[in-house]
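# Remarks on the overall topology
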Amino acid sequence: MSDAGELSGRVALVTGGSAGIGRAICLKLARLGAAVAVMARRESAVVKVVSEIEAEGGKGLAVVCDVTDYAAVTAAVDRVVVELGVPYILVNNAGIDVVRMFVDTDEALWRRLVDVNYIGFLAVTHAVAPKMIEKKSGLMINIGSDAGRVGNPGDVVYCGTKAAMMATSKALAREFARYGIRVNCVAPGPIRDTELLDAFYEGEMGEKMANMVPLRRLGTPEDVADVVGFFASEDARYLTGQILSVDGGLTMIS
Ligand code: NDP
């Protein structure tokens, strides 16, 4: 169980922190005492999350950045280091999805999904890793997806990007362990109250999904953020290269 103040003196960088699951993760890590760099594209949304953190007495930094722009990412990470310090925690959460049957997709959509969900994750990881290596400590928590573990119709390329992220996380865990850096993934199942899939889960579809979940409800951003809090806590000190589904029992992968 993570305790309030457990992360005090630590710096966290959360991509896609402006909405949904990322916002909940920013608030969670700030409540645990971390100074949180909130990174996303929409300035007003990023600034709003920072104000929410500050309203609770925490410390936040608004970082407007598109994770697909490597030069912007390196500049943004440098700014975080100057203004807050080297991140001890990196949460790669930024992601997009467009639900559409594969035959109705096109190359432009495949490239967009890969660019944000996979290349964006690589870019931020690549910019932060040398700083963590220099410190010989760090923690990467990557937001994968159950969809990337079991497959989802209408989500073919998205599933591929998430599977790629989760496989890469295991390889990174092996490379980075020697530097005292741990890398783990959280794989959410269907989560409501986010911009990503809210329209999809509305009404009958949401009800159908909830009935398929053994715990009989869709997840919330806080359900995911609390597990990120666990991975960020001392209790998780012997975990690396792991993927934990947060899905009310939907997949139960062994
Ligand atoms: P939201 O759409 O609510 O939030 C996505 C976040 O990513 C926003 O903060 C958005 O901010 C940011 N983002 C998108 N593109 C970029 C970009 N190019 N550069 C920087 N930031 C970007 O989605 P969720 O909260 O639902 O999703 C968060 C993560 O959880 C994603 O990786 C998603 O795949 C994963 N997930 C979600 C599930 C769900 O059911 N909701 C299930 C499984 C996994 P902005 O627009 O301001 O840039």
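Before reading on, note that the structure itself is shown above.
Attention in this report is confined to the structure presented alongside it. (Residues numbered from 1 in each chain as written. Predicted model: local features only at pLDDT ≥ 70, side-chain atom pairs only at ≥ 80, totals over all residues. Heavy atoms only, no water.)

### A look at helix α6 (residues 156-176)
To keep it simple, the criterion reads: Secondary structure elements are defined from DSSP: runs of H or I of at least 4 residues count as helices, runs of E of at least 2 residues count as strands, and each element is numbered from the N terminus. A helix is expected to span 1.5 Å multiplied by its residue count minus one. When a residue's accessible area, from a 1.4 Å probe over protein chains only, is under 20% of the maximum for its type it is buried; when over 50% it is exposed; and in between it is partly exposed.
The terminal C-alpha atoms of α6 lie 30 Å apart, and with 21 residues this matches the ideal 30 Å at 1.5 Å per residue to within 8%. Listed in full, the buried residues belonging to α6 are V157, Y158, C159, T161, K162, M165, M166, T168, S169, L172, A173 and F176.

### So, the site of the ligand
Here is the rule we go by: Note on terminology: near, applied to a residue and a molecule or strand, indicates that one of the residue's heavy atoms is within 4 Å of it. Two N or O atoms count as a polar contact when they lie within 3.5 Å, although within protein this holds only if one can serve as hydrogen donor and the other as acceptor, and sequence-adjacent residues are included solely when both atoms are side-chain atoms. In these tables, accessible area is a Shrake-Rupley quantity obtained with a 1.4 Å probe, and a residue counts as shielded only by the protein chains included in the view. Grid points spaced at 1 Å over the protein atoms alone were grouped into cavities, where a 1.4 Å probe fits but cannot get out, and pockets, open sets with protein on both sides within 12 Å along at least five of seven lines, with lining residues defined by an atom within 4 Å of a point. Throughout, a molecule is located in a cavity or pocket provided that more than half of its atoms lie within 2 Å of its grid points. Gly is put with the polar residues, along with every residue not named as nonpolar or charged; the nonpolar set is Ala, Val, Leu, Ile, Met, Phe, Trp, Tyr, Cys and Pro, and the charged set is Asp, Glu, Lys and Arg.
Residues in close proximity to the ligand total 31 residues, the closest being S18, R41, N93, Y158 and T194. With respect to the ligand, the side chain of S18 contributes an N or O atom lying 2.7 Å from an oxygen atom. Backbone polar atom of E195 to an oxygen atom of the ligand: 2.8 Å apart, as the coordinates give it. Here the ligand, which alone exposes 880 Å², has 96% of that area covered by the protein. With respect to the detected pockets, the ligand is housed in the largest pocket. Every element with two or more residues in the shell around the ligand is listed here: α1 (20-31) and α6. In terms of residue class, the shell around the ligand is built from 16 nonpolar, 10 polar and five charged.

### Thoughts on empty space enclosed by the protein
So the rule is basically this: Grid points are joined across faces, edges and corners, and a volume is the space filled by probe spheres set on the points.
Counted under the stated rule, the structure contains two cavities of 30 Å³ or more. In this model, the largest cavity occupies a volume close to 60 Å³. Mapped by element, the contributors of at least two residues to the lining of the largest cavity are α4 (107-135) and α6. Its residues assigned to classes, the lining of the largest cavity comprises eight nonpolar, two polar and three charged. In this structure, the second largest cavity spans a volume of roughly 50 Å³. The wall of the second largest cavity is formed by T15, V67, N92, N93, A94, V116, N117, G120, F121, V124 and M165.

### What about the packing of aromatic side chains?
Centre-to-centre distance and the angle between the planes together describe a pair of aromatic rings. For the record, the criterion: Side-chain rings of Phe, Tyr and Trp, where Trp is taken by its six-membered ring, are said to pair if the distance between their centres is within 6.5 Å; with planes under 30 degrees apart they count as stacked, over 60 as edge-to-face, and otherwise as tilted. Geometrically, a lysine NZ or arginine CZ counts as sitting over a ring once it is within 6 Å of the ring centre and also within 35 degrees of the ring normal.
With the rule as written, the count across this model stands at four aromatic pairs. Seen from their ring centres, F102 and W110 are 5.8 Å apart, and the 15° between their planes marks the pair as stacked. Look at W110 and you get partly exposed, because its relative accessible area is 34%. A cation sits over an aromatic face here: R10 above Y88, 3.7 Å from the ring centre.

### Here's the deal with the layout of surface pockets
A probe as big as a water molecule, rolled over the atoms, marks out the empty space that is left. Reported here for the largest pocket is a volume of approximately 1,200 Å³. What lines the largest pocket is a set of 49 residues, and nearest its centre among them are G95, D97, Y158, L196 and L197. Every element with two or more residues in the lining of the largest pocket is listed here: α1, β2 (35-40), α4, α5 (147-150), α6, α7 (198-201) and α8 (204-212). When the residues that make up the lining of the largest pocket are grouped by side-chain class, the tally is 26 nonpolar, 14 polar and nine charged. Considering only enclosed or pocket space, the second largest pocket measures out at about 170 Å³ in volume. Together, G189, P190, I191, V213, L215, R217, L218, G219, D223, V246, D247 and G248 line the second largest pocket. Residues of the lining of the second largest pocket, tallied by class, amount to six nonpolar, three polar and three charged.

### Overview of the pattern of salt bridges
Keep this limit in mind: A pairing counts as a salt bridge when a side-chain nitrogen of Lys or Arg comes within 4 Å of a carboxyl oxygen of Asp or Glu.
Scanning the model with the defined rule gives 10 salt bridges in all. The shortest N-O distance in the salt bridge between D223 and R217 comes to 2.7 Å. Under the relative-accessibility criterion, D223 is labelled partly exposed at 23%.

Everything listed is a geometric property; what it means functionally is a separate question.
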